[in-house]
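If you want the building blocks of each chain, they are given just below.
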Amino acid sequence: MDRAELKMKPIILTCGEPAGIGPELAPKALSAGIPYVYLGDPAHLPADTIWQEVEHLSDPVEAGVLPVLRHDFPAPRLPGQPDPRNAQGVIDVIARAVALAISGEASGICTLPINKQALKAGAAFPFPGHTEYLAHLAGDVDVVMMLASTTVSPPCRVVPATIHLALREVPTALTPDLIERCIRITAAAMSRDFGIAHPRLAIAGLNPHAGEHGVMGHEEDEWMRALIARLSEEGLALRGPLPADTMFHAPARAGYDAAICAYHDQALIPIKTLDFSGGVNVTLGLPFIRTSPDHGTAFDIAGKGIADPASTIAALKLASEMASRR
Ligand SMILES: NC(=O)C1=CN([C@@H]2O[C@H](COP(=O)(O)OP(=O)(O)OC[C@H]3O[C@@H](n4cnc5c(N)ncnc54)[C@H](O)[C@@H]3O)[C@@H](O)[C@H]2O)C=CC1
Ligand SMILES: NCC(=O)COP(=O)(O)O
């Protein structure tokens, strides 16, 4: 651990869905050597977890011990089977973590996965995911979701312009205004949080072959090219619209720092294929730092003790790097 990390305020690691693998990943990630405090119910942690309750985030805890800021839940943890009674607790933990980050007590938050369906069923959660809920908690700010690789070179960083949206709704939701906001937020965050002074962004087309000049779709010719040209004149380093199928292999990735994609799977398939265990989900545009592992609740393996903490460790490390840059 370097001096900056030693002095850094801890990151809050939110428990996420108790029935998922989150509570198993929390103690496993201690090996990263990053200061963090788990916010959740200690009764949900695996029985062999060595943990200590802290009242304040700055309370000292010995190495190898998981510091826990207690948040009691009404129901026990049944791996793989979310209990609707716990849904509101999951939501409240995220809000509590955000308050700690906004107040400056924590240097950022790293969220363990939630199960969108369980939160909707158990607490009528009105948001499709963390990203939208965090934007709301921060005062309805404009944010974008980025998934960033940490172990492949050249790096793979992708931004889905539309996020948790049915595919049939994408063409209507994908507007020049939306892509422009994604470009501006991403470019600013690449400079501020990733240390890339003049970020190069690639913009994927919506259609196969980026429309092939109207043969397979019209959005690229109707407005995407004009938007990219206008923003390029301002000095932004942009390329596109590019055919999405040929923009993610290594030589192509060497030509840009982040890709703005039209929809969820166009962005997430390449990164989860290239770097599932090292991928990190980052919300750009928030007034505080938020990262997350790139995977979900993995109910199929919850309780088996086999969940891989690599993505959580990568998420904690990235949050710590971002915090030291700020
Ligand atoms: N940031 C978040 O809160 C996220 C939440 N989700 C939610 O998670 C739920 C389940 O989503 P799925 O699409 O099934 O994706 P998933 O990532 O939970 O699981 C996909 C496959 O990957 C495996 N896997 C995932 N993480 C792993 C790990 N750390 N170690 C070993 N194997 C791992 C699982 O066992 C499963 O076979 C959904 O409700 C989804 O919305 C999904 C992605 C991110
Ligand atoms: N597929 C990515 C995902 O579901 C992450 O969503 P969020 O909870 O971070 O908004």
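Residues numbered from 1 in each chain as written. Chains lettered and ligands numbered in written order. Predicted model: local features only at pLDDT ≥ 70, side-chain atom pairs only at ≥ 80, totals over all residues.

Overview of the UniProt feature "binding site: substrate" (unreviewed entry) in the chain
- Summarizing the sequence annotation, UniProt attributes the feature "binding site: substrate" (unreviewed entry) to His 130, Thr 131, Lys 272, Asn 281 and Arg 290 in the numbering used throughout.
- Mapped onto the fold, Thr 131 is located in helix H5 (residues 130-137).
- Contact partners of Thr 131, with chain neighbours within four places excluded, come to Val 143, Met 145, Ile 163 and Thr 283.
- Along the chain, the position of Asn 281 falls in strand S11 (residues 280-284).
- Those residues within four positions of Asn 281 in sequence are excluded, and the remaining contacts are Met 145, Leu 147, Thr 291, Ser 292 and Asp 294. (UniProt positions renumbered as here; feature names shortened; annotations may be inferred. Helix = DSSP H or I, 4+ residues; strand = E, 2+ residues; numbered from the N terminus. Contact = placed C-beta atoms within 7 Å.)

Observations regarding the environment of Gly 279
- Structurally, Gly 279 can be placed in the loop between helix H10 (264-275) and S11.
- When the 28 C-beta atoms within 10 Å are taken as the criterion, Gly 279 is described as buried.
- The spatial distance from the C-alpha of Gly 279 to the C-alpha of Ala 314 is 7.2 Å, given a sequence separation of 35 residues.
- Sequence-distant contacts of Gly 279, that is, excluding residues within four places in its chain, are made with Leu 147, Ser 149, Ile 271, Lys 272, Asp 294 and Ser 311. (Buried ≥ 20, exposed ≤ 12 C-beta atoms within 10 Å, placed from the backbone.)

So, the site of ligand 2
- Every residue near ligand 2 is listed here: Ile 114, Gly 129, His 130, Thr 131, Leu 268, Asn 281 and Ser 292.
- When grouped by side-chain class, the residues that make up the shell around ligand 2 number 2 nonpolar, 5 polar and no charged. (Near = placed C-beta within 6 Å. Nonpolar A, V, L, I, M, F, W, Y, C, P; charged D, E, K, R; others polar.)

Considerations on the packing of helix H7 (residues 176-194) against helix H8 (residues 219-233)
- Following both chains from N to C, one finds H7 and H8 inclined at 35°, their axes separated by 10 Å at the closest point. Handedness of the H7/H8 crossing: right-handed. In contact with Pro 176, Ile 179, Glu 180 and Ile 183 of H7, H8 contributes Trp 223, Leu 227 and Leu 231.
- When grouped by side-chain class, the residues that make up the contact of H7 with H8 number 6 nonpolar, no polar and 1 charged. (Axes fitted to C-alpha atoms, helices over the stretch in contact; angles between N-to-C directions. Left-handed = near helix turned anticlockwise from the far one by under 90°.)

Description of the UniProt feature "binding site: a divalent metal cation" (unreviewed entry) in the chain
- With numbering aligned to this structure, UniProt lists the feature "binding site: a divalent metal cation" (unreviewed entry) at His 164, His 209 and His 264. Annotated residues spanning 101 residues; largest pairwise C-alpha distance 23.7 Å, indicating distribution over more than one region.
- Considering the arrangement of structural elements, one finds His 164 in the loop between strand S7 (157-160) and helix H6 (170-173).
- With 13 C-beta atoms counted inside 10 Å, the residue His 164 sits in the partly exposed group.

Brief notes about H8
- Along its 15 residues, H8 runs 21 Å from first to last C-alpha, staying within 8% of the 21 Å computed at 1.5 Å per residue.
- Those residues of H8 that fall on the buried side of the exposure criterion are Glu 219, Glu 220, Met 224 and Ile 228. (Expected span 1.5 Å × (residues − 1).)

With respect to the domain arrangement of the chain
- Structurally, the chain comprises domain 1 (1-141 + 286-326) and domain 2 (142-283).
- Look at where the C-alpha atoms of domain 1 and domain 2 centre, and you get two points 28 Å apart.
- Between domain 1 and domain 2, the residue contacts involve 20 residues of the former and 19 residues of the latter.
- Of all the secondary structure elements, the ones that give two or more residues to the side of domain 1 that touches domain 2 are H5, strand S12 (290-293) and helix H11 (310-325).
- If one sorts the elements of the side of domain 1 that touches domain 2 by residue count, H11 sits on top with 7 residues.
- Tallied by class, the residues present in the side of domain 1 that touches domain 2 amount to 11 nonpolar, 5 polar and 4 charged. (Domains from an automatic or database assignment.)

Points about unusual backbone geometry
- Following Ser 153, the chain continues into Pro 154 via a peptide bond in cis, with omega recorded as -10°.
- Within the secondary structure layout, Pro 154 lies in the loop between strand S6 (144-148) and S7.
- In this structure, Pro 241 follows Gly 240 across a cis peptide bond, with omega equal to 0°.
- Within the fold, Pro 241 resides in strand S9 (residues 237-242).
- The residue His 213 is not glycine, and still its phi comes out positive at about 50°.
- Take His 213: it is sitting in the loop between strand S8 (200-204) and H8.
- Here the phi dihedral of Ala 298 falls at roughly 45°; this positive angle occurs in a residue that is not glycine.
- Mapped onto the secondary structure, Ala 298 falls in the loop between S12 and H11.

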